[in-house]
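Understanding the architecture of this molecule
Chain by chain, the residues run as shown.
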Amino acid sequence: MEKIMNTDVLVAGAGGTGLAAAYAAAQQGANVIIIEKQDKIGGNTKISSGFFAIDSQEQRDAGLKLTTKEAIAQLAEYNHFLSNGTLLAKIVNTSADTLAWIEKMGMEIKLNPTSKTTQFAHRNDNYRGGSYHMYQNKEKSYQKIEETLKNIGVKFVFNTSMKDLLLENNQITGIKAEKDSQELIIKAKSVVVATGGYGGDFNKVSKTMHTNKLRKLGVPNNGEGIDAMVKAGGVDIDSHALIHASQLAKSTVTQNSSTKHLAGFSSNPLTQLLLTPQLWVNKKGVRFANEDVVYDTVEWANAAWSQGGIYFFIVDQNTLDTFTKNKNLEEVSQAGPGATTDSGDFTQLANDAVAGKTAFTGQTLDELAENAGLNKEAFRDSVTKYNLAVENKNDQEFSKSAKSLLYSIKKGPFYAFIAQATYLGTVGGVRVDEDLAVLDKELKPIPGLYTGGANAGGYYEGHSYPAFEGLASGFTWSSGRIAGTNAAIYANKIGKTNE
């Protein structure tokens, strides 16, 4: 037997987007119900570590003079002007105000200075590195946020999954959901879909990203919301995986984030090899990138994705001995998951990886190529060119910095470790306007339908994620706030019309 509920604004999903939308709608005087498939709030946003904002009070207090004009220009150029300019401008121009707004909701924030960025490629770039406002005491902060929303009248319905949108006379009238294996109908004047993309649907991600070699981290959102919006007339213009650094193959990693490490941290000391610019080759055995991209989470993931999401990093016995003796001179990146600082016998660790079939070894380069399935001639050529670059401190092929050209590949045994690009759910989605109203194929708003966060298209280029720290999480909260505000304004107009 189905159950029926009624409200002004229905928000599907209690991650950052949904929480912001619910609070914003309630502030407009709307009655709000928010459903969540899990038994607690936070969603995928809870594993993110910080918020992108420009010209915030925290930045001004730190002496940073950043302008939204410059940030918008940089983001538009990064996205090759494929992003929705009106949406991009609105999000960036309101980012500082939204940051202060979520602090009032209960989120504790601390600016991460550019000098302390974990992405060392951003040390001299205040727009990429100084934009990061890190969440503090997250468990406590999310508890405060939930209390704030309840105090303003928002009703939470947990363990409830969105199944479909209700549509009558080309107007959204609510949703169909499921709670405890029972159908639930929630009638609403407007709906904000904040279900967080489809990162849990590995097959769909593989199809979108054209490879099944990516590793998944994050909350398993399965695309319920975006599918329903497309069914109702929305157009998916740019949904894609939020590829985020790379991992050792099959390593055991945490799904949680902290003030030190982002999601995906592994305690294996081999992460020190993963997170230093060793020689990288693709599955054919050919070098493909300037390995210094390991110091930038996004560029690292992009380089890995360009080779199908999987690659090998190559070391010889001398390199393993150097790391075992803690005499490595390369800076170990803290991008993405970050590396453990634990010491260890790297030769034993390498052999353990070989035994676990996540690495390969050989006494000669040809034997390593044979065991790893690489093209022998191509691999020998890559190693020869790389050793020459190390010897001359001059990388003619990919312009790797001289300081990173430290370890040649000369003394056997040799090792090839498997690395895979990782994704933290999906971003992008259906076409929206600057009010986060969902548009149909004729570019007209679908009455009563709004979205944001990992279901809203037009903020990214598609397949790539701009390398500005906290960008996706900042968009989550900012777009949710805008969507909730406009959903409530629309619901109020509908209410007056029906009176």
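This text gives an overview of the structure that appears in the document. All values reported here derive from a predicted model rather than from experimental measurement.

Procedures and definitions
- Residues numbered from 1 in each chain as written.
- Predicted model: local features only at pLDDT ≥ 70, side-chain atom pairs only at ≥ 80, totals over all residues.
- Heavy atoms only, no water.
- Buried < 20%, exposed > 50% of the residue type's maximum accessible area, 1.4 Å probe, protein only.
- Helix = DSSP H or I, 4+ residues; strand = E, 2+ residues; numbered from the N terminus.
- Pairing = 2+ DSSP bridges.
- Axes fitted to C-alpha atoms, helices over the stretch in contact; angles between N-to-C directions.
- Parallel < 35°, antiparallel > 145°, perpendicular 65-115°, else oblique.
- Left-handed = near helix turned anticlockwise from the far one by under 90°.
- Contact = heavy atoms within 4.5 Å.
- Nonpolar A, V, L, I, M, F, W, Y, C, P; charged D, E, K, R; others polar.
- Core = buried A, V, L, I, M, F, W, Y, C linked by side-chain atoms within 4.5 Å.
- 1 Å grid on protein atoms, 1.4 Å probe; cavity = no way out; pocket = protein on both sides within 12 Å on 5 of 7 lines; lining within 4 Å.
- Points joined across faces, edges and corners; volume = space filled by probe spheres on them.

1. Overview of the pairing of strand 15 (residues 414-427)
For strand 15, the tally of buried residues reaches 14 of 14 residues, placing the bulk of the element in the interior. As defined by bridge partners, strand 10 (residues 215-217) adjoins strand 15 across 3 bridges and the pair is classed as parallel. The partner of Lys-216 across the bridge, within strand 15, is Tyr-423. Here strand 13 (residues 310-316) pairs with strand 15 via 7 bridges, running antiparallel. Looking across to strand 15, one finds that Phe-313 is bridged to Phe-417. Alignment of strand 14 (residues 359-362) against strand 15, held across 4 bridges, turns out to be antiparallel.

2. So, the packing of helix 3 (residues 68-78) against helix 4 (residues 85-105)
Helix 4 packs onto helix 3 with a crossing angle of 140° between their chain directions and a minimal axis gap of 10 Å. Considered as vectors, helix 3 and helix 4 are oriented oblique to each other. Between helix 3 and helix 4 lies a crossing whose hand is right-handed. Residues Thr-68, Ala-71, Ile-72, Leu-75 and Ala-76 of helix 3 lie in contact with helix 4, whose contacting residues are Leu-88, Ala-89, Val-92 and Asn-93. For the contact of helix 3 with helix 4, the class distribution of residues is 7 nonpolar, 2 polar and no charged.

3. Quick look at the nonpolar core
Counting residues in each nonpolar core, the largest one holds 135 residues, and the members touching the most others are Val-9, Leu-19, Ile-35, Leu-165, Phe-417, Tyr-459 and Trp-477. Examining the composition of this core, we find that 11 residues originate from one element, helix 15 (residues 471-498), more than from any other. With residues near it in sequence (within four places) discarded, Val-9 still touches Ala-25, Ala-30, Asn-31, Val-32, Ile-33, Ala-188, Ser-190, Val-192, Ala-487, Ala-488 and Ala-491. Core analysis: the next-biggest nonpolar cluster, separate from the first, contains 21 residues, Ile-314, Leu-365, Ala-369 and Val-383 among them.

4. Things to note about the layout of surface pockets
Space inside the second largest pocket adds up to approximately 170 Å³. Considering the residues around the second largest pocket, the lining is formed by 14 residues, among which Ala-249, Asn-268, Leu-270, Ala-353 and Thr-358 are closest to the centre. Going through the elements one at a time, helix 12 (346-355) and strand 15 are the ones with two or more residues in the lining of the second largest pocket. No other element matches the 3 residues that helix 12 contributes to the lining of the second largest pocket. Tallied by class, residues from the lining of the second largest pocket come to 8 nonpolar, 4 polar and 2 charged.

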